[in-house]
Amino acid sequence: MQLSSAARQWLRYLPVLPAVLLLVVFLAGPVLWAFQASLTNAGLTGRSARNPSWVGLENYQRLLADPVFPLSLLLTVLFVGGSAVLGQNLLGLALAVLMQRARPVVAAAVGTTVVAAWVLPEIVAAFAAYAYFSADGTLNQLLGAVGLGRTDWLYAFPMVAVMLANVWRGTAFSMLVYRAALNEVPSEVSEAAQMDGAHGWQRLFFITLPMIRGSIATNLMLITLQTLAVFTLVWVMTAGGPANGSTTLPVLAYLEAFKFGDIGYGTAVASVLILIGAVFGVAYIRLLRDPKP
């Protein structure tokens, strides 16, 4: 029996059906639940936990009037832009380029050192970063050893400390992505440019980087979405303080939903975070597309 063209077309999508079902159950389901909960007064305990009422856009109106929300939004943008887009991305690219040109022993040592921070469990890495930046931590011990004054970094500069910790924690991923991408660049192209008189930085910016454009966009998308969701690192190091000085959107959502018991308002914050992630995702997907001729 011959199948119709429409049936054959549907059969082509059959192998991806399990993946689509998993996405619907474990991704789309929680997202839709969060959005639905953000339109209610659901609470963690009490009457609103048993029988939440529909409040429409009231939680989002509260967001616009909440002075902590715009601060958290700004801190989240700074955290993502500083520690992911600039920090992890540029440092990972620089390490990949240097490792490609270094001796194998040096490249292996640098790669192992950088990856060691990435493979640590997040809670362990967070405690290590806290121990480094705390008032009696390693950084102040080193500064005191050379005669410099001590600073309570987690109190005076909480976002700077958290951003540096996130760069230390996540740079290995960008380094590995760029290392693989650089290995795929044909050496003949770079050699031809060198014979034409192009210097090292010229070959990098005008030849190598355009050739790994897809890897750059993919890396930016992944590290941006990962950094948007960072919670444990910030919570262990500063718990969002002092005075909301490091309260990013994931921390604010946690505080509202589980510390203050307002699930509806907390999921409204989480829904905004999901929307921001979707905007970044769409922007990076557009970058991944080949430019039109």
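Sequence order sets the numbering: in each chain, residues are counted from 1 along the sequence as written. The model is predicted, so local features are restricted to residues of pLDDT at least 70 and side-chain atom pairs to those at 80 or more, both for listing and for counting; the totals for chains, interfaces and linings are taken over all residues. Excluded from the side-chain calculations are hydrogens and water; all other atoms, namely the structure's heavy atoms, are used.

- In the annotation of an unreviewed UniProt entry, the entry for the protein reads Carbohydrate ABC transporter membrane protein 1, CUT1 family, and the organism field reads Pseudarthrobacter phenanthrenivorans.
- UniProt positions are given in the numbering used here, feature names are shortened, and annotations may be inferred rather than shown by experiment. Here the protein is described in UniProt, under the heading Sequence similarities (unreviewed entry), as follows: "Belongs to the binding-protein-dependent transport system permease family."
- Among the UniProt annotations of the protein, the heading Subcellular location (unreviewed entry) holds the following wording: "Cell membrane".

**A few points about the pattern of salt bridges**
A side chain of one charge can pair with a side chain of the opposite charge if their charged atoms are brought near each other.
Phase 1: A pair is scored as a salt bridge if a Lys or Arg side-chain nitrogen falls within 4 Å of a carboxyl oxygen belonging to Asp or Glu. Evaluated as defined, the whole model comprises one salt bridge.
Phase 2: With its nearest N and O atoms 2.9 Å apart, the salt bridge here joins Asp262 to Arg62. Highlighted residues: Asp262 in the loop between helix H15 (249-259) and helix H16 (263-288) and Arg62 in helix H4 (residues 58-65), separated in sequence by 200 residues.
Phase 3: On the basis of relative accessible area, Arg62 is assigned to the partly exposed category, the value being 35%. Helix and strand assignments follow DSSP, with helices taken as H or I runs no shorter than four residues and strands as E runs no shorter than two, numbered in order from the N terminus. Type-normalised accessible area, obtained with a 1.4 Å probe on protein chains alone, sets the label of each residue: buried when under 20%, exposed when over 50%, and partly exposed for intermediate values.

**Considerations on the packing of aromatic side chains**
Phase 1: Side-chain rings of Phe, Tyr and Trp, where Trp is taken by its six-membered ring, are said to pair if the distance between their centres is within 6.5 Å; with planes under 30 degrees apart they count as stacked, over 60 as edge-to-face, and otherwise as tilted. Under the definition given, this model contains eight aromatic pairs.
Phase 2: Relative to Phe157, the ring of Trp153 lies with its centre 5.9 Å away and its plane at 40°, an arrangement referred to as tilted.
Phase 3: Ring centres 5.7 Å apart and planes at 40° place the aromatic pair Tyr254 and Phe258 in the tilted group. Residue Tyr254 and its partner Phe258 are located together in helix H15, separated by four residues, close to a single helical turn.
Phase 4: Among the aromatic residues, ring-to-ring pairing joins Phe231, Trp235, Tyr254 and Phe258 into one connected group.

**Some details on the UniProt feature "transmembrane region" (unreviewed entry) in the protein**
Phase 1: Those residues carrying the UniProt feature "transmembrane region" (unreviewed entry) are residues 12-35, 73-98, 105-133, 153-178, 220-243 and 263-285 in this numbering.
Phase 2: With 93% helix and 0% strand, residues 105-133 has end C-alpha atoms that lie 31 Å from one another.
Phase 3: Taken end to end, residues 220-243 is 62% helix and 0% strand, and its two terminal C-alpha atoms sit 31 Å from one another.

**Focus on the environment of Ala116**
Phase 1: Within the secondary structure, Ala116 is located in helix H6 (residues 104-119).
Phase 2: Considered as a pair, Ala116 and Arg169 are 53 residues apart in the sequence and their alpha carbons are 8.9 Å apart.

**Description of the nonpolar core**
Phase 1: Only buried Ala, Val, Leu, Ile, Met, Phe, Trp, Tyr and Cys residues count toward a nonpolar core, and they belong to the same one when joined by side-chain atoms within 4.5 Å. Ranked by internal contacts, the top residues of the largest apolar core, which has 19 residues, are Phe79, Phe133, Ala165, Leu233, Val234 and Met237.
Phase 2: Counting only elements with at least two residues in this core, the list comes to helix H5 (68-101), helix H7 (122-133), helix H8 (138-145), helix H10 (158-183), helix H14 (232-237) and H15.
Phase 3: If sequence neighbours within four positions are ignored, Met237 has contacts with Ala126, Ala129, Tyr130, Phe133, Leu154, Ala161, Val162 and Ala165.
Phase 4: Core analysis: the next-biggest nonpolar cluster, separate from the first, contains 16 residues, Val68, Phe69, Leu228 and Val272 among them. Here, residues are in contact when the closest pair of their heavy atoms is within 4.5 Å.

**Things to note about the domain arrangement of the protein**
Phase 1: Each assigned domain of the protein is listed with its residue range as follows: domain 1 (16-60) and domain 2 (67-288).
Phase 2: Note: domain ranges come from an automatic or database domain assignment. Centre-to-centre separation of domain 1 and domain 2, based on C-alpha positions: 30 Å.
Phase 3: With 12 residues of domain 1 at the interface, the matching set in domain 2 holds 12 residues.
Phase 4: Between domain 1 and domain 2, roughly 880 Å² of surface is buried when both sides are summed, and carbon and sulfur atoms account for 70% of that area. The term buried area refers to how much accessible surface (probe radius 1.4 Å) is lost by two components on association, counted for both of them together.

**Quick look at the environment of Val251**
Phase 1: Mapped onto the secondary structure, Val251 falls in helix H15.
Phase 2: Exposure remark for Val251: the relative accessible area of 0% places this residue in the buried category.
Phase 3: Sequence separation of Val251 and Leu21 is 230 residues, and the distance between their C-alpha atoms is 30 Å.
Phase 4: Non-local contacts of Val251, meaning those with residues more than four positions away in its chain, are made with Phe231, Val234, Trp235, Ala239 and Gly240.

**As for H5**
Phase 1: Every helix has an expected span of 1.5 Å times one less than the residues it contains. If you check H5, its first and last C-alpha atoms are 47 Å apart, about what 34 residues at 1.5 Å a residue would give, namely 50 Å.
Phase 2: The principal kink in H5, of about 30°, is found at Gly87. Bend angle per residue: angle between axes fitted to the 7 residues ending at that residue and the 7 residues starting there.

**Brief notes about the packing of H4 against H16**
Phase 1: For helices, the fitted axis covers only the stretch in contact; all axes are lines through C-alpha atoms, and the angles between them, taken along N-to-C directions, range from 0 to 180 degrees. Across the interface, H4 lies against H16 with an axial gap of 9 Å and an inter-helix angle of 75°. In terms of orientation, H4 lies roughly perpendicular with respect to H16. Along the contact surface, H4 presents Asn59, Tyr60, Arg62 and Leu63, while H16 presents Gly264, Tyr265, Ala268, Val269, Ser271 and Val272.
Phase 2: Ten residue types, Ala, Val, Leu, Ile, Met, Phe, Trp, Tyr, Cys and Pro, are classed as nonpolar, four, Asp, Glu, Lys and Arg, as charged, and the remainder, Gly among them, as polar. Taken together, the residues that form the contact of H4 with H16 break down as six nonpolar, three polar and one charged. An angle below 35 degrees is treated as roughly parallel, one above 145 as roughly antiparallel, one from 65 to 115 as roughly perpendicular, and anything else as oblique.

**So, the packing of H6 against H10**
Phase 1: One way to put it is that H6 packs onto H10 with a least axis distance of 7 Å and a crossing angle of 120°. Classified by the angle their axes make, H6 and H10 are oblique. Of the two possible hands of crossing, H6 and H10 adopt the one that is left-handed. Judged by residue contacts, Gly111, Val114, Val115, Ala117, Trp118 and Val119 of H6 engage Trp168, Arg169, Thr171, Ala172, Phe173, Met175 and Leu176 from H10.
Phase 2: Residues belonging to the contact of H6 with H10 are distributed by class as follows: 10 nonpolar, two polar and one charged. By the definition used in this description, the sense in which the near helix is turned from the far one sets the handedness, with an anticlockwise turn below a right angle giving left-handed and a clockwise turn giving right-handed.

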